[in-house]
Amino acid sequence: MRRIVFIFKLLLCFSIAHSQHCPDSLYFTSQAQIDSFQILYPNCYEIDGSVYILGNDITNLNGLNNLISIGGMLSISNTSLSDLIGLEGITSIGGLLFVGSNSLMTSLTGLEGLTSVGWYLKIFSNENLSCLSGLQGLTAIGGSLVIDGQYGGNSSLTDLTGLEGLLSIGDKIFILRNDGLTSLSGIDNIDASSILGIYIHHNSSLSNCAVLSVCNYLENPNGVHVISSNYSGCNTPEEVQDSCQSNAVSIDEQNLNNNIFLYPNPTCDNISLFGTEIISFEIIDIKGRILKRQKV
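Given the structure is predicted, the values throughout are model-derived calculations rather than measurements.

Asker: Whenever I open this one, the pairing of strand β14 (residues 197-201) confuses me. Can you help?
Answerer: Two faces, one strand: in a regular strand the side chains alternate between the faces of the sheet. The buried count for β14 comes to five of five residues, which makes it a mostly enclosed element. In this sheet, β14 lies alongside strand β13 (residues 172-176) in parallel orientation, the contact comprising five bridges. Along β14, the bridge assignment pairs Ile173 with Ile198. Note that β14 and strand β15 (residues 225-228) share four bridges and pair parallel. Paired with Ile200 across the strands is Ile227, a residue of β15.

What follows is the structure in structure tokens.
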């Protein structure tokens, strides 16, 4: 009898210890699986393999808020998510970050803690994604940056706001088939020497490609680039280079006032403007249209 009890205790201890280890990879296809993750794996913080979030009924990722790193891929596709709240603890992804075909997603809020992606970052065909807010902390991508609107057009994405913190990539930039994209503003700070190629084509509304990273890259006569089938101003490398030269201004010429602040910056939503010397302001879009003019 004592032997049976002893064996039972050993099995119980093994079961508890085993439940606290992380699985090699995770496949989530339902909200119930997300909600029960921390119950099954209470001390699981780092996944060596990949995490796939695929279920159509998944509406929140709160059950994953204990994760801090993923060694392989994080793939989020075909869900009912509007954002990525619940993933705030993740600081690094060793492989590919893929966010694709999420018809209800409006932002990437929830990824603010992410600082590095080891391989590709691919944003693919999210028809209601209006900005890349949530990626402000991302500083490095080991491979390519891909923004592709195939099969969905990324029709709500007008610029790349949210990527201002990105300083280096290890491969190429692909901006392809984004019907709503008008400007590349957001990728200004990527070190041109880290870019191995630029491919910008079939973005029917894209007229402003003259951001600093692209301008600096095009100065390299041996740089690989394809810029075509976009809107006027970004239809050929020569058009972009002309815009780069005409847009070059110094800090002094911009007459910036350190007593005036915008918050939050960047954003794709409401902003607050405050300062001690504001008399009036204008909000002008990238095509020069005055969206709002007001005296204070």
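From this point, things continue past the structure.
Asker: Explain the packing of aromatic side chains to me, please; I cannot follow it from the model alone.
Answerer: Each pair of aromatic rings is reported with the distance of its centres and the angle of its planes. Enumeration according to the criterion identifies seven aromatic pairs in this entry. Relative to Tyr199, the ring of Phe174 has its centre 5.0 Å away and its plane inclined at 10 degrees; by these criteria the two rings are stacked. In this pair, Phe174 is assigned in strand β13 and Tyr199 in strand β14, connecting sequence segments 25 residues apart. Owing to a relative accessible area of 21%, Phe174 belongs among the partly exposed residues under this scheme. A relative accessible area of 19% places Tyr199 in the buried class. Taken together, the aromatic side chains of Phe28, Phe37 and Tyr41 make up a single cluster linked through ring pairs.

Asker: I tried to follow the pattern of salt bridges on my own but got confused; where do I start?
Answerer: Working definition: two side chains of opposite charge can pair if their charged atoms are close together. One pass over the structure, following the stated rule, counts two salt bridges. The closest approach of N and O atoms between Arg177 and Asp148, which form a salt bridge, is 2.8 Å. Residue Arg177 is located in the loop between β13 and β14, and its partner Asp148 is located in strand β11 (residues 145-148); the two are separated by 29 residues in the primary sequence. When its relative accessible area of 5% is taken as the criterion, Asp148 is described as buried. A salt bridge links Asp171 to Lys172, with the nearest nitrogen and oxygen atoms 2.8 Å apart. By relative accessible area, Asp171 is classed as buried at 18%.

Asker: Help me out: how do you make sense of the sheet that holds strand β7 (residues 97-100) in this one?
Answerer: Within a beta sheet, neighbouring strands are joined by backbone hydrogen bonds and run either parallel or antiparallel to one another. Spatially, the nine strands line up as an open sheet ordered β1-β3-β5-β7-β9-β11-β13-β14-β15, and their pairing is parallel. The open sheet has two edge strands, β1 (26-28) and β15, and neither has a second partner. Averaged over all pairs of adjacent strands, the angle between their axes in this sheet comes to 5 degrees, without regard to strand direction.

Asker: Quick question: what am I supposed to make of the sheet that holds strand β12 (residues 168-169) here?
Answerer: Read from one edge of the open sheet, six strands run β2-β4-β6-β8-β10-β12, paired in parallel fashion. The sheet is open, and its two borders are formed by β2 (46-47) and β12, each paired with just one other strand. Pairing geometry for strand β8 (residues 116-117) and strand β10 (residues 140-141), over two bridges, is parallel. Bridge pairing in β10 places Val117 opposite Ile141.

Asker: Explanation requested: the nonpolar core in the structure shown.
Answerer: Generally speaking, nonpolar side chains in soluble globular proteins are found buried as a group. Core analysis: the largest hydrophobic core is formed by 63 residues, its most contacted members being Leu108, Leu132, Leu160, Leu184 and Ile187. With four residues, the top contributor of residues to this core is helix α3 (residues 212-218). Each residue touching Ile187, except ones within four places of it in the same chain, is listed here: Leu145, Leu160, Leu163, Ile173, Val211, Ser213 and Val214.

Asker: How should helix α4 (residues 237-247) be read in this particular structure?
Answerer: Because each turn of an α-helix spans 3.6 residues, side chains separated by three or four positions in sequence point in the same direction. Within α4 the residues assigned to the buried category are Pro237, Val240 and Cys244. For α4, the arc enclosing every buried residue in end-on projection is 65 degrees, short of the 170-degree limit, so these residues lie on one face. Of the exposed residues in α4, the ones pointing more than 90 degrees away from its buried face are Gln245 and Ser246. Looking at the buried side of α4, the elements it contacts are α3 and β15.

Asker: Can you help me understand the state of the cysteines in this one?
Answerer: Here a disulfide denotes one covalent bond, and it connects the sulfur atoms of two cysteines. For the coordinates displayed, the defined rule picks out three disulfides. The residue that forms a disulfide with Cys22 is Cys44, at a sulfur-sulfur distance of 2.0 Å. Every disulfide takes its handedness from the sign of the S-S torsion; for Cys22 and Cys44 that torsion is 125 degrees, giving right-handed. Linking Cys22 in the loop between α1 (2-19) and β1 with Cys44 in the loop between α2 (31-40) and β2, this pair joins segments that are 22 residues apart in sequence. Covalently, Cys209 is tied to Cys234 through a disulfide, its sulfur atoms 1.8 Å apart. Judged by the sign of its S-S torsion, about -85 degrees, the bond between Cys209 and Cys234 is left-handed. On the criterion of sequence distance, the pair formed by Cys209 in the loop between β14 and α3 and Cys234 in the loop between β15 and α4 is long-range, its members being 25 residues apart. Exposure remark for Cys209: the relative accessible area of 1% places this residue in the buried category.

Analysis parameters
- Residues numbered from 1 in each chain as written.
- Predicted model: local features only at pLDDT ≥ 70, side-chain atom pairs only at ≥ 80, totals over all residues.
- Heavy atoms only, no water.
- Buried < 20%, exposed > 50% of the residue type's maximum accessible area, 1.4 Å probe, protein only.
- Helix = DSSP H or I, 4+ residues; strand = E, 2+ residues; numbered from the N terminus.
- Pairing = 2+ DSSP bridges.
- Phe/Tyr/Trp six-rings, centres within 6.5 Å; stacked < 30°, edge-to-face > 60°.
- Salt bridge = Lys/Arg side-chain N within 4 Å of Asp/Glu carboxyl O.
- Axes fitted to C-alpha atoms, helices over the stretch in contact; angles between N-to-C directions.
- Core = buried A, V, L, I, M, F, W, Y, C linked by side-chain atoms within 4.5 Å.
- Contact = heavy atoms within 4.5 Å.
- Arc of directions from axis to C-beta.
- Disulfide = S-S within 2.5 Å.

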